[in-house]
Amino acid sequence: MTLITTDELARGACLLVFGSAAGMCTVSFPGSPIWLIPAAAAVGGCALTVPEIRREALPSVTRAVRALLPDRNRDAATDGAAPPVPPAAPSGGRGKADRAPPDLLATLKDQPHRLVIGHTRGGKTTLLHKLATDWAAAGARVVVCDPDAAPGLWPGCEAAGHGDDRAAIAQMLHAVRAEVQTRRAQRAQGVRRFAPLHLVIDEAHDVVAGVPGALDLVEDIARRGAKLGVHLTIGVQDRQVKTLGLEGKSAILSNFQTVEMLRDADGRRIALLHDPVTGERRRMDVPELPDPERLIARSAQPPAHAGRTGGAGADAALLEALLAAPPVTGGGAAAHDAAQATVCVDRPPGHLTVNVTAVAGAPVGGRTRALAPALRDAYRQAGAAGESFRAAYRRLGGNRNDALAAWRQGRAVSSVSSCAPFPLSGNENGVIPASERHENALRSCGRERRENAENA
Amino acid sequence: MNAYDMIQQSCFTRLLDVRSYVLAARAACARLDPAPALFMVVVFGLITLALTPIWVVFDLASTWEFTTGLRTAAAPVIYEMSGRAESVLDLPVGALLTGIIFTGFTLLPSLFELAFPTVRHPLLNLVLLASIVFDYVTDWGKAAALAATWTANRALEVVYAAAFCLFVSVGVQAILVCCITVIIFGVLALLRGGARSVRAVVIE
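Residues numbered from 1 in each chain as written. Chains lettered and ligands numbered in written order. Predicted model: local features only at pLDDT ≥ 70, side-chain atom pairs only at ≥ 80, totals over all residues. Heavy atoms only, no water.

**With respect to the pairing of strand β2 (residues 141-145) of chain A**
Residues and elements named next belong to chain A.
Next, step 1: The buried fraction of β2 is high, at four of five residues.
Next, step 2: In the sheet, β2 pairs with strand β4 (residues 197-201) via five bridges, with the strands oriented parallel. Counterpart to V144 in the pairing with β4 is V200.
Next, step 3: The pairing of β2 with strand β3 (residues 158-160) spans three bridges and is parallel. In the sheet register, V144 faces β3, and the bridge partner there is A159. (Buried < 20%, exposed > 50% of the residue type's maximum accessible area, 1.4 Å probe, protein only. Helix = DSSP H or I, 4+ residues; strand = E, 2+ residues; numbered from the N terminus. Pairing = 2+ DSSP bridges.)

Rendered as structure tokens:
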């Protein structure tokens, strides 16, 4: 239990300093209301030490101060001083500051195992992320199994599960199991101290249910892992034992420090800690934590643990070649530059899985892919043969704009002999009568108009 | 359980939580036998006797004096109200009403300090803090006068006055309330003739 919090210390200091000043004013200036000034300062200072009031009042105070500041800033700028630094944009409570009150995080870090319960957008992953990255920054080995992992999301940690890759999670858990067994053997030889190893499982209801052997490992670590320096942190969406596959083993949950991420009546995030022994529940304010989503970055290389294993044959080679191939025409980014793709072949046997977690940017001009030369020739021939563009496009497909251009080229070539389909009658001198020339022209123009209308 | 009640409180906050003292005193005195109850009543009665003059002089009387101006300004209105009440109800409520209002001015800060020491409602927090500061300011005069007799050093005098003022404005009344609670429940235990609880064992 904390002896005294910073807020309480500040409250006491405010009361003593400003209250004493007000008291001295009452003695020095009897009958004068001047004591109200330090008294008001005392009340205001004390009030700002109350988190609820601070949360409500500080934005108003900040706005009032900012309303006063611009004039000064303008004056400073006109005087040649450096322009004022713009205030940081509010981020709605998430990612506002990395500084966190130590209470919740310190309490959780003190426990051997933790179970974080929270629904979607409840702050569960954010809390797990803060814990994991803190441990990693402190030099501990942190293994993260997250079906929603993304490049850069878990800095300093060994993450698996990108794109719901359960095979990679199974592989990672297998490595942890091997480490546990190694440590157990070392302990049997007299080793008592081990470097901390944190296993963090987010969305555990999916991982435990979908990865063979995960439940056994979780149970083993929860029961006996603390002696080996192996600690478990689980994120799950509800506290039902069935969700974690622990029917009949609910006693195992008493090995965890359970923390429930909730929102209070004002919409603020709170954490409800359940004491595993006494059943006592304690409410703690959730510190402002950085949003882990902002760490996600596109990577030129697939993750090191991407599922490229298992039966990589001709299909895998073909897919990798396609992903790495540059675009046919300029304007588009190469797939391997923009996309984060993994190929998993024959797992389970006979299946091919391609996970593409990003999409290449659209080429300039809105074209998605240039027409292949063979296809372009086919459109030219269709145009030359007088086939309507709609029919040709339905038959051949491809990029519509390129196809239309190719078809028009073919059409233009055929227009040189556009009269060929219309036999010239003419007289014996080869002179076509004006009426027939006019009729031919009308037929030709009418056909073009019909085709243009069709194309449109 | 209310979420606000589940907050982990610091030692300092729990130290000021007079309500929990009162509950603990009531629980401790509920099953007292006559002899311990009598002992508790006597001991805590002596403590109360020692603290009451301090509280009256340095807290109640000083606040009373400080609010004299306020009472003087409000007195005509209050007397008029009491006069009307007498004429309507034909009851001698005037003196009672006046006494209640005058005493209310004085006791209000102390009552707020005692009633809401750990409340987490923003408005009540503000009222509580204002009460504490007001009580502290009103108690300063007499506390500083006493502290001036302890030392000639001006700075040290301020420090002494601040500490003593904090003690008489917050500490004394908290201890006093606890002592009075123990006395009340001790007397009740004496009147009941001691503990009346039995332990039952149910055997299936």
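**Notes on the packing of helix α6 (residues 122-148) of chain B against helix α7 (residues 154-192) of chain B**
Residues and elements named next belong to chain B.
Next, step 1: Relative orientation of the contacting elements α6 and α7 amounts to 130 degrees, with a least axis distance of 8 Å. As far as their axial angle goes, α7 and α6 are oblique. Once α6 is placed against α7, the crossing between them reads as right-handed. For the pair α6 and α7, contact is made by D135, Y136, D139, W140, A143, A144, L146, A147 and A148 and by E157, V158, Y160, A161, A162, F164, C165, L166, V168, S169 and Q173, respectively.
Next, step 2: For the contact of α6 with α7, the per-class residue count stands at 15 nonpolar, two polar and three charged. (Axes fitted to C-alpha atoms, helices over the stretch in contact; angles between N-to-C directions. Parallel < 35°, antiparallel > 145°, perpendicular 65-115°, else oblique. Left-handed = near helix turned anticlockwise from the far one by under 90°. Contact = heavy atoms within 4.5 Å. Nonpolar A, V, L, I, M, F, W, Y, C, P; charged D, E, K, R; others polar.)

**Concerning the environment of A149 of chain A**
Residues and elements named next belong to chain A.
Next, step 1: Along the polypeptide, A149 turns up in the loop between β2 and β3.
Next, step 2: Note on A149: relative accessible area 8%, which makes it buried.
Next, step 3: Along the backbone, A149 and G161 are 12 residues apart, and their C-alpha atoms lie at a distance of 6.0 Å.
Next, step 4: In this view, A149 contacts W154, A160, G161, H162 and G163; residues no more than four positions away in its chain are not counted.

**Topic: the sheet that holds strand β1 (residues 113-117) of chain A**
Each strand in a sheet pairs with another by means of backbone hydrogen bonds, the pair being arranged parallel or else antiparallel.
Residues and elements named next belong to chain A.
Next, step 1: Here eight strands make up an open sheet; going across it, the order is β3-β2-β4-β5-β1-β6-β7-β8 and the pairing mixed. With one partner strand each, in any of the chains shown, β3 and β8 (281-285) form the two edges of the open sheet. Going from strand to strand, the sheet's axes swing by 20 degrees on average, the running direction of each strand aside.
Next, step 2: With four bridges connecting them, β1 and strand β6 (residues 257-263) associate as parallel partners. Looking across to β6, one finds that R114 is bridged to Q257.
Next, step 3: The sheet contacts of helix α5 (residues 124-137) involve β1, β2, β4, β5 (230-236) and β6, and relative to β5 the element is tilted by about 160 degrees.
Next, step 4: Sitting on the sheet, helix α8 (residues 214-224) is in contact with β1, β4 and β5, with an inclination near 125 degrees to β5.

**Examining the side chain of H198 of chain A**
Next, step 1: Along the chain, H198 of chain A turns up in strand β4.
Next, step 2: Ignoring anything within four residues of it in the chain, the contact list for H198 of chain A reads R114, W135, A140, R141, V142, V143 and H231 of chain A.

**What to know about the packing of helix α2 (residues 36-48) of chain A against α6 of chain B**
Next, step 1: Packing of α2 of chain A against α6 of chain B brings their axes to within 9 Å, and their N-to-C directions diverge by 140 degrees. Here the hand of the crossing between α2 of chain A and α6 of chain B comes out right-handed. Residues A39, A42, V43, C46 and A47 of chain A of α2 of chain A form the contact with α6 of chain B, whose own contacting residues are L126, L129, A130, V133 and V137 of chain B.
Next, step 2: Residue classes in the contact of α2 of chain A with α6 of chain B are distributed as 10 nonpolar, no polar and no charged.

**Quick word on the confidence of the model for chain A**
Residues and elements named next belong to chain A.
Next, step 1: Mean pLDDT over chain A: 72, with 66% of residues reaching 70 or higher.
Next, step 2: Contacts from residues 357-368, a stretch scored under 50 in pLDDT, to residues over four places away or in other chains number 19 contacts.
Next, step 3: Every residue in residues 418-432 scores below 50 in pLDDT, and together they form 15 contacts with partners more than four places removed in sequence or on other chains. (pLDDT = per-residue confidence, 0-100.)

**Concerning the confidence of the model for chain B**
All names here are of chain B.
Next, step 1: Scored by pLDDT, chain B has a mean of 76; 68% of the residues are at 70 or more.
Next, step 2: Averaged over each element, pLDDT in chain B is lowest for helix α5 (residues 93-115) (63) and highest for helix α3 (residues 34-66) (88).
Next, step 3: Counted against residues more than four places away or in other chains, residues 1-7, with its pLDDT under 50, gives 12 contacts.
Next, step 4: Of the two predicted TM-score estimates for the complex, the pTM is 0.41 and the ipTM is 0.72.

**Some remarks on the interface of chain A and chain B**
Next, step 1: Between chain A and chain B, the residue contacts involve 32 residues of the former and 30 residues of the latter.
Next, step 2: Both sides together, the interface formed by chain A and chain B hides about 2800 Å², and carbon and sulfur atoms give 72% of it.
Next, step 3: Elements supplying a minimum of two residues to the side of chain A that touches chain B: α1 (6-28), α2, α3 (51-78) and β8 of chain A.
Next, step 4: A breakdown of the residues in the side of chain A that touches chain B according to their chemical character gives 18 nonpolar, six polar and eight charged. (Buried area = accessible area lost by both parts, 1.4 Å probe.)

**Quick look at the pairing of β1 of chain A**
Residue and element names in this part refer to chain A.
Next, step 1: Along β1, five of the five residues are buried, which leaves the element largely enclosed by surrounding structure.
Next, step 2: Residues H113, L115 and I117 line one face of β1 and the alternating positions R114 and V116 line the opposite face, and both faces are buried.
Next, step 3: With five bridges joining them, β1 and β5 adopt parallel strand pairing. Paired with I117 across the bridge in β5 is V236.

**Examining the packing of aromatic side chains**
Next, step 1: Taken as a whole and assessed by the stated rule, the structure comprises 10 aromatic pairs over all chains.
Next, step 2: Both rings, one in Y379 of chain A and one in F389 of chain A, keep their centres 5.9 Å apart while their planes meet at 35 degrees; by these two values the pair is tilted. Of this pair, Y379 of chain A sits in helix α11 (residues 373-384) while F389 of chain A is found in helix α12 (residues 389-396), placing the two residues 10 residues apart along the sequence. Of the two residues, Y379 of chain A and F389 of chain A, both sit in the buried class.
Next, step 3: Within the aromatic cluster, the residues linked to one another by ring pairs are F58, W150, Y160, F164 and F167 of chain B.
Next, step 4: Residue placement shows R400 of chain A over the ring face of Y393 of chain A; its charged tip is 5.8 Å from the ring centre. (Phe/Tyr/Trp six-rings, centres within 6.5 Å; stacked < 30°, edge-to-face > 60°. Lys NZ or Arg CZ within 6 Å of the ring centre and 35° of its normal.)

**Some words on the pattern of salt bridges**
Residues and elements named next belong to chain A.
Next, step 1: The tally for this structure, following the rule as stated, stands at 14 salt bridges over all chains.
Next, step 2: Of the charged contacts in the structure, one is a salt bridge between E179 and R141, with a shortest N-O distance of 4.0 Å. Linking E179 in helix α6 (residues 166-188) with R141 in strand β2, this pair joins segments that are 38 residues apart in sequence.
Next, step 3: Taking relative accessible area as the criterion, E179 reaches 22% and is therefore assigned partly exposed.
Next, step 4: Close ionic contact of R183 with E179 constitutes a salt bridge, the shortest N to O distance being 2.8 Å. Of this pair, R183 and E179 both sit in helix α6, separated by four residues, roughly a single helical turn.
Next, step 5: Of the residues examined, R183 reaches a relative accessible area of 7% and is grouped as buried.
Next, step 6: Within this structure, R141, E158, E179 and R183 form a network of salt bridges that share partners. (Salt bridge = Lys/Arg side-chain N within 4 Å of Asp/Glu carboxyl O.)

**Overview of α8 of chain A**
Next, step 1: For α8 of chain A, every residue scored as buried is listed here: A214, L217, V218, E219, D220, I221 and A222 of chain A.
Next, step 2: In this structure, the buried side of α8 of chain A is in contact with β1, α6, β4, α7 (204-210) and β5 of chain A.

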